Amino acid sequence: MEDLGRKLLEERQLRNITLQDISAATHISVGVLKDIESGRFDKYIGDEEYIKKYIKKYADYLGIESDELVDTYITLTQEISLTKIKEKEEKLKAEPKKAPATKITKPAFTKAPKVYDNHGGRTFVKYTIIVALCLLIIFSVWYALKLSSKDKAGFDNQNQNHISGTPNVDDNEDPVIPPAKDNKDDEKPTDKETPKVEMTRTAANQYSIKLPSDSETFTMKIEFVAYTWSSMLLNGTNYSNFAGKAYNSANTANDKNATPETVELTFNTKDVNTIVLSNGYNLYHRYYINGEKLDIPESDQSGNYADVTFTFIKE
């Protein structure tokens with residue numbers, strides 16, 4: 001950073017130009033110009049876009065190549081972001097780890113129903129159908145036995161009348177009506193529409209995720225498009241199943257159409273409150289919950305360092 005500022009300082013001094021002259025021509029304050037020449041860019045984290053414009057104005061006023069200086073500044077800010085992430089990880093590693101809470105797993109047969117589980121209606125329907133089917137089977141067996149007994153009696157009477165010469169005619173006999181066909185067996189279960197994930201943007205790079213009420217697990221897929229260093233915090237603690245490292249190093253040009261490097265993780269819903277992704281270069285990345293792509297606005301993808309926070313709501 002100091003090399004960039006020193007170059008501007010030397011070029012200005014060669015031309016015998018004061019900071020006041022540049023400030024009056026570019027409308028940049030003298031204090032900011034001094035910081036640029038001193039390489040104190042860490043004071044302007046989050047204002048990188050403005051600093052790039054200031055450097056370009058400064059270089060154009062001096063009549064030197066501005067694009068090369070701006071590219072140098074962008075490269076250096078990315079290095080600063082990566083350095084900050086590594087420092088943050090080292091700090092987390094140095095902190096004493098909390099002792100894991102003792103977890104007692106209940107046997108499957110004593111599992112208590114969850115607050116948001118409501119199977120009463122489905123249980124009633126299920127047992128109603130079972131009882132109806134049992135009654136239908138009993139009725140069918142009884143009716144078959146009755147017809148069999150009736151046919152046998154009729155066959156004996158026919159034989160007896162045939163021998164005596166008396167025709168067997170019963171005008172008062174009721175016609176046999178077959179039982180109505182139960183259409184329940186033919187009914188096909190209809191596919192229920194899969195509940196969708198709901199996302200709400202609460203602030204810049206902060207999102208609230210509402211999962212389906214009956215989901216015990218969910219998957220999170222991350223597609224790193226730009227070249228970036230990234231690490232993950234789960235409920236405020238470094239998540240060991242996610243490797244803190246540089247992702248998609250093949251895309252050093254940060255082409256938004258490049259093939260992404262993908263990471264897919266599965267979580268137990270009840271164990272997750274927040275997930276924070278610390279991205280050194282937050283641009284073009286895509287996020288999916290249960291296969292559904294989250295609609296991340298372009299305004300949240302600035303190409304700077306960002307902590308992307310997902311808060312999970314349980315019904």
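Provided above is the structure to which this section pertains.
Computed from a predicted model, the values in this text were never measured in an experiment.

Caption draft 1: Representation of helix 5 (residues 66–94). For helix 5, with 29 residues, the first-to-last C-alpha span of 42 Å sits near the 42 Å given by 1.5 Å per residue. Every buried residue of helix 5 is listed here: Ser66, Leu69, Val70, Tyr73, Leu76, Thr77, Ser81, Ile85 and Glu89.

Caption draft 2: Representation of the sheet that holds strand 7 (residues 261–268) in the model. Spatially, 7-3-9-10 is the arrangement adopted by the 4 strands of the open sheet, whose pairing is antiparallel. Two strands bound the open sheet, and with one partner strand each, they are strand 7 and strand 10 (292–293). Bridging between strand 9 (residues 286–289) and strand 10 involves 2 bridges; their strand directions are antiparallel. Counted as the bridge partner of tyrosine 288 is lysine 293 from strand 10.

Caption draft 3: Seen up close, unusual backbone geometry. A positive phi angle, near 55°, is found at asparagine 16, a position not held by glycine. Structurally, the position occupied by asparagine 16 is in the loop between helix 1 (2–14) and helix 2 (19–26). Owing to a relative accessible area of 69%, asparagine 16 belongs among the exposed residues under this scheme. The backbone phi angle of asparagine 235 is positive, close to 55°, even though this residue is not glycine. Among the secondary structure elements, asparagine 235 is positioned in the loop between strand 4 (228–234) and strand 5 (237–238).

Caption draft 4: How the structure looks around the packing of aromatic side chains. If you walk through the whole model with that rule in mind, you get 12 aromatic pairs. With a centroid separation of 5.4 Å and an interplanar angle of 25°, the aromatic rings of phenylalanine 218 and phenylalanine 267 are classed as stacked. You can see phenylalanine 218 sitting in strand 3 (residues 217–224) and its partner phenylalanine 267 sitting in strand 7, a full 49 residues away along the chain. Look at phenylalanine 267 and you get buried, because its relative accessible area is 3%. Aromatic side chains phenylalanine 224 and tyrosine 247 sit 4.5 Å apart centroid to centroid with 20° between the ring planes, which places their arrangement in the stacked category. Placement of phenylalanine 224 in strand 3 and of tyrosine 247 in strand 6 (residues 245–247) is noted, with a sequence separation of 23 residues between them. Taken together, the aromatic side chains of Phe218, Tyr239, Phe267 and Phe312 make up a single cluster linked through ring pairs.

Caption draft 5: Here's a closer look at the pairing of strand 9. Bridge analysis of strand 3 against strand 9 gives 4 bridges, and the strand direction is antiparallel. Bridge pairing in strand 9 places lysine 221 opposite tyrosine 288. In this structure, the hairpin formed by strand 9 and strand 10 is closed by a connection of 2 residues, where asparagine 290 is found at a positive phi of approximately 50°.

Caption draft 6: Spatial organisation of the nonpolar core. If you look at the biggest cluster of nonpolar residues, it comprises 26 residues, and the most contacted ones within it are Met220, Met232, Phe242, Phe267, Tyr287, Phe310 and Phe312. Of all the elements, strand 3 adds the most residues to this core, at 4 residues. With near-sequence residues (within four places) excluded, phenylalanine 310 lies in contact with Tyr207, Ile209, Met220, Asn273, Thr274, Ile275, Tyr287 and Leu294. The next biggest cluster of nonpolar side chains, apart from the first, holds 20 residues, and it includes Ile17, Ile36, Leu62 and Val70.

Cut-offs applied
Residues numbered from 1 in each chain as written. Predicted model: local features only at pLDDT ≥ 70, side-chain atom pairs only at ≥ 80, totals over all residues. Heavy atoms only, no water. Helix = DSSP H or I, 4+ residues; strand = E, 2+ residues; numbered from the N terminus. Expected span 1.5 Å × (residues − 1). Buried < 20%, exposed > 50% of the residue type's maximum accessible area, 1.4 Å probe, protein only. Pairing = 2+ DSSP bridges. Phe/Tyr/Trp six-rings, centres within 6.5 Å; stacked < 30°, edge-to-face > 60°. Core = buried A, V, L, I, M, F, W, Y, C linked by side-chain atoms within 4.5 Å. Contact = heavy atoms within 4.5 Å.

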